[in-house]
Amino acid sequence: MGWDQAAGLRQWAAKGASQEDCPAYVAEMLVELAAAGGASKPRPQAAVKPPAKPAPSTAAVPPRTARNAQEATLMVLGLPGTAERHTARVTEVLECWAREGRRWVGNPRAWSVVALPISSPHLSVLAAQQSHWALWVDDDLEAFRRGYRMLRQIAERGGPQRLIAVHPPGVGRQGLLSNLQYVAQDYFGIELLVLAR
């Protein structure tokens, strides 16, 4: 990725946070992390909010067996729409992961990808019923802001506590994805599994 995430975060922090945006102390902490190259620095305890629920200790994506290979549904939050062209982007990511040797994916076409708007009144019910959840993370300059808002809404609306980050190929672990993973765990008690290298 050719853009400087730290510069984008500094600009965002300088504007100040509105009610829909990330709090200024979170943005400032992420600017420090990005400037330090992702190295973890101690945070003031007042800035840390306790997780809503403890994160489960089991893996976010259970192994797929032959029996459930054709039954798996992946609920995806954060896609720009629910049309097939949007869910096809997730299937492309699953195909990429399968080519990289991630055996748990199995046949990428066997997954039933369902895009669910965060505003769905059924989110908390589906969170209790469905076991496979993902958060779509785009690769543009607004991706962190959207991801933060989605994570906050997931926590507020009783959404899933474990998700896998799905994103366009080429998005690396450092920067955007590691920052979202950190915020998900430390501020919302959500386990966000990042598979990027």
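Our structure's up above, just so we're on the same page.
Residues numbered from 1 in each chain as written. Predicted model: local features only at pLDDT ≥ 70, side-chain atom pairs only at ≥ 80, totals over all residues. Heavy atoms only, no water.

Asker: What is the right way to look at the nonpolar core in this model?
Answerer: Across soluble globular proteins, nonpolar side chains have a tendency to be buried as a group. Leu77, Trp133, Leu135 and Leu163 are the most contacted members of the largest nonpolar core, which totals 30 residues. Elements with a minimum of two residues in this core: β1 (73-77), α4 (123-129), β3 (133-136), α5 (143-156), β4 (162-166) and α6 (173-188). A per-element tally of this core places α6 first, with 8 residues. Residues in contact with Leu163, not counting those within four places in the same chain, are Leu77, Trp133, Ala134, Leu135, Ile154, Ile190, Glu191, Leu192 and Leu193. Counting 18 residues, the second-largest nonpolar core is a separate cluster that includes Val90, Trp97, Trp111 and Trp136. (Core = buried A, V, L, I, M, F, W, Y, C linked by side-chain atoms within 4.5 Å. Buried < 20%, exposed > 50% of the residue type's maximum accessible area, 1.4 Å probe, protein only. Helix = DSSP H or I, 4+ residues; strand = E, 2+ residues; numbered from the N terminus. Contact = heavy atoms within 4.5 Å.)

Asker: Can you walk me through the pattern of salt bridges in this structure?
Answerer: Close approach of charged atoms allows side chains with opposite charge to pair. Enumeration according to the criterion identifies 7 salt bridges in this entry. A salt bridge links Glu142 to Arg145, with the shortest nitrogen-to-oxygen separation between them at 3.3 Å. Given a relative accessible area of 32%, Glu142 falls into the partly exposed group. Note that Arg162 and Glu191 form a salt bridge whose closest N and O atoms lie 3.9 Å from each other. Of this pair, Arg162 sits in strand β4 while Glu191 is found in strand β5 (residues 191-193), placing the two residues 29 residues apart along the sequence. (Salt bridge = Lys/Arg side-chain N within 4 Å of Asp/Glu carboxyl O.)

Asker: Please clarify how the sheet that holds strand β2 (residues 112-115) should be interpreted in this entry.
Answerer: Neighbouring strands of a sheet are bound in pairs by backbone hydrogen bonds; such pairs are parallel or else antiparallel. On the basis of which strands lie adjacent, the open sheet formed by 5 strands has the order β2-β1-β3-β4-β5 and parallel pairing. The open sheet has two free edges, formed respectively by β2 and β5, since each of these has just one partner strand. Strand-to-strand twist across the sheet, computed as the mean angle between neighbouring axes with direction ignored, equals 35°. Judged from the 4 bridges that link them, β1 and β2 form a sheet pairing that is parallel. By the bridge assignment, Met75 is partnered in β2 with Val114. Contacting β1, β3 and β4, α5 crosses the sheet at an angle of about 145° to β3. (Pairing = 2+ DSSP bridges. Axes fitted to C-alpha atoms, helices over the stretch in contact; angles between N-to-C directions.)

These figures come from the coordinates and say nothing about function on their own.
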